[in-house]
Amino acid sequence: MRVLICINNNLKYDTRVKRHASAIARRGHLVHVAACPVPDETFALNEPGVTHSMTSYTPGEHPINGKILNFARKYGLEKIFLESFPILASQAYYYEPEIERYTALLNRYVSGGRWKDITSRCSEEMTLTQAMSYPLCFFERSVQYAADVLEYPADVVLCNDVDTLLAGVVHKMTYHSRLIYDFHDLAADLSENVFPQMYSNVLALFEKKMILYADIVMSVSKSAIMWSRQHYGFLAPAVYMPNCSAYAMDKVSACVKERRDESIRIYYHGMCDPSRGLAELLAAVKVSKRFRLVLRCLPSEYLEELKEMASSMGMEEQVTFLDPVPSEQILYAARRDGDIGFAFCQTGQCLNWRFALQNKFIEYTKAGLAVITSDTAEQGSIIRDYQFGWVLEENSVQGIERVFDRIWKERNSLPELSEKAWECADKLFHWDTYEAALNDLIENGPKARGHYMECAVDEKLLESWEQEDIQLLEMPELKN
């Protein structure tokens, strides 16, 4: 079969799509990845059976709304575009009074109960003119990308995130391809103070309408799938596909831990920014002298701030900063250098944090580490079910200190917790299981029923939202 994978990066840091492309190609299918030169033009996958192309975004000259709507009109999508971003109807979309009028209309479209989670988020502050540039760029980029990928006929198109959803829909219309939509994040509520509210509103409305074209919907989090099913009302089969690494755990279990004393090592790897709870962790370790902190972070300005913070607190003996390792060494390094993994999530900030099933949580589990986690819908329930760690009652220094007190009292159980972590990983995060499921979905589509989630929704609530939307979408008179 011919499989087209749509993605808005070059796979350099996207291990999920890289893993999926490789798995499909190894099955003997012809895979083409329509990539984008982000962060650079180097395609980060060398796999037999996988070809690629690079699609670059080129901003057009104003006015661009006509080009966007002409493309939408060609595929019968003009109504969806206008109901998602109504200012596209204006020939003076760059004129501030027009932006104000159409923003009021957009706000009306998202004023119903369906969108409470989105409209109440903490958004990035900016002027309406600045905010309008975000969705305008999104539509222009989506149209350009969709036009480019139509050069590649395929039997199945696998779209990753809302940036490529338009491309998947028009590809399906053109080639009758099966459309699998894999959303890694809920784009409309990505993170606190990321994106202006206008852009979040547009993304929510657009994704809600376009997801209905998907034959299969897939995501990394069961909770995110359930939220989307309830709020978007899609009927396609839903598949849970966590970000499981393909590295064998038997090699990790043979790893010998390297330690210099009997202190308990709290281990963190990954992105380094204020939302990861590292400053709180640092302060808690400072108080709890029986613990040490091992940080293996990607370079960032905030990492340098943490180093300065640790130095100013006199914590050179308690904190170790290590360089990142290649992805194939992540599990081994975690096992060797840590005793307990730290997976902090700002659950009150946004939907993505609330529903998070972090890569690092899965990696700690597969490395056989006990885990400290925030109380997310996914990670908190896994820790409670499999009993290999601790759930923070609150995301604070005091909350971490209370967990440290429990850990010290239960420190002799760490070897047992390690075994429980591996048991959990074998049941929930075994890549071979998901690789087989992915190829079954590629080959058999909706007939591959053994992999689908049960997605019960509140049908009465959904129907009330649908009726509310019909009323809100009745176009009011717009005064000149």
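Residues numbered from 1 in each chain as written. Predicted model: local features only at pLDDT ≥ 70, side-chain atom pairs only at ≥ 80, totals over all residues. Heavy atoms only, no water.

### Side note on the environment of Gly-314
Put simply, the rule is: Numbering of helices and strands starts at the N terminus; helices are DSSP runs of H or I of at least 4 residues and strands are runs of E of at least 2.
Residue placement: Gly-314 occurs in the loop between helix H12 (301-312) and strand E10 (319-322). Sequence separation of Gly-314 and Asp-469 is 155 residues, and the distance between their C-alpha atoms is 58 Å.

### Comments concerning the pattern of salt bridges
To be explicit about the condition: Salt bridges, as used here, are contacts in which a Lys or Arg side-chain nitrogen is within 4 Å of a carboxyl oxygen on Asp or Glu. Throughout this description, buried means an accessible area under 20% of the type-specific maximum (1.4 Å probe, protein chains only), exposed means over 50%, and partly exposed covers the range between.
Tallying each qualifying case throughout the model produces 24 salt bridges. Of the charged contacts, one joins Asp-155 and Arg-2 as a salt bridge, the two residues approaching to 3.6 Å between their closest N and O atoms. Separated by 153 residues along the polypeptide, Asp-155 in the loop between helix H6 (128-149) and strand E4 (156-160) and Arg-2 in strand E1 (residues 2-6) bring together distant segments of the chain. Overall, the relative accessible area of 31% leaves Asp-155 in the partly exposed class. One salt bridge in this structure joins Lys-208 and Glu-466, with 3.7 Å as the shortest N-O distance. Of this pair, Lys-208 sits in helix H8 (residues 197-210) while Glu-466 sits in helix H20 (residues 459-472), placing them 258 residues apart in sequence. Given a relative accessible area of 26%, Glu-466 falls into the partly exposed group. Where salt bridges share partners, they join Arg-114, Lys-208, Glu-466 and Asp-469 into one cluster.

### Focus on the packing of aromatic side chains
Aromatic ring pairs are reported here in terms of the distance separating the ring centres and the angle at which the planes meet. Rules: Classification of ring pairs uses Phe, Tyr and Trp, with its six-membered ring standing for Trp, and accepts pairs whose centres are within 6.5 Å; under 30 degrees between planes counts as stacked, over 60 as edge-to-face, and the remaining range as tilted. Note on criteria: charge over ring means Lys NZ or Arg CZ within 6 Å of the ring centre, with the direction from the centre no more than 35 degrees off the ring normal.
Inspection of every chain in the model, using the stated rule, returns 21 aromatic pairs. Aromatic pair Tyr-134 and Tyr-199: ring centres 5.7 Å apart, planes at 50°, arrangement tilted. With Tyr-134 in helix H6 and Tyr-199 in helix H8, this residue pair connects regions lying 65 residues apart in the sequence. Joined through ring pairs, the aromatic side chains of Phe-81, Phe-85, Tyr-134, Phe-138, Phe-139, Phe-195, Tyr-199 and Phe-206 make up one cluster. The ring of Tyr-240 has Lys-222 sitting right over it, with the charged end atom 4.9 Å from the ring centre. Here Arg-411 stacks its cationic end above the ring of Trp-408, 4.1 Å away from the centre of that ring.

### Notes on the sheet that holds strand E12 (residues 370-373)
Threshold: A pair of strands is treated as paired once DSSP finds two or more bridges between them. Under this scheme, a helix contributes an axis fitted over its contacting stretch, all axes are lines through C-alpha atoms, and angles between N-to-C directions fall in the 0 to 180 degree range.
A sheet is described by the order of its strands in space; here 6 strands give the open sequence E10-E9-E8-E11-E12-E13, paired in parallel fashion. Two strands lie at the open edges of the sheet, namely E10 and strand E13 (389-391), each paired on one side alone. Strand-to-strand twist in this sheet, taken as the mean axis angle between neighbours without regard to direction, amounts to 20°. Alignment of strand E8 (residues 264-270) against strand E9 (residues 291-297), held across 7 bridges, turns out to be parallel. Note on E9: the bridge partner recorded for Ile-264 is Phe-291.

### Considerations on the pairing of strand E11 (residues 340-343)
Here E11 shows no split at all, with Ile-340 and Phe-342 on one side and Gly-341 and Ala-343 on the other all buried. Where E8 meets E11, 2 bridges bridge the pair, whose relative direction is parallel. Within E11, the position partnered with Ile-266 by the bridge is Ile-340. Here E11 runs beside E12; their pairing, made up of 4 bridges, is parallel. Residue pairing in the sheet places Phe-342 in a bridge with Ile-372 of E12.

### Topic: the packing of H6 against helix H7 (residues 165-175)
Cut-off, in case you're wondering: The labels follow the angle: roughly parallel below 35 degrees, roughly antiparallel above 145, roughly perpendicular from 65 to 115, and oblique for the rest. Here a crossing is called left-handed whenever its near helix is offset anticlockwise from the far helix by less than a right angle, and right-handed whenever the offset is clockwise. Here, two residues are considered to be in contact whenever any of their heavy atoms come within 4.5 Å of each other. The nonpolar class holds Ala, Val, Leu, Ile, Met, Phe, Trp, Tyr, Cys and Pro. Asp, Glu, Lys and Arg form the charged class, and all remaining residues, Gly among them, are polar.
Viewed as axis vectors pointing N to C, H6 and H7 meet at an angle of 40°, and their least axial separation amounts to 8 Å. The orientation of H6 relative to H7 falls into the category oblique. The hand of the H6/H7 crossing is right-handed. Across the interface between the two elements, Ser-142, Val-143, Tyr-145, Ala-146 and Val-149 of H6 pack against Leu-166, Ala-167, Val-170 and His-171 of H7. Residues that form the contact of H6 with H7 fall into these classes: 7 nonpolar, 2 polar and no charged.

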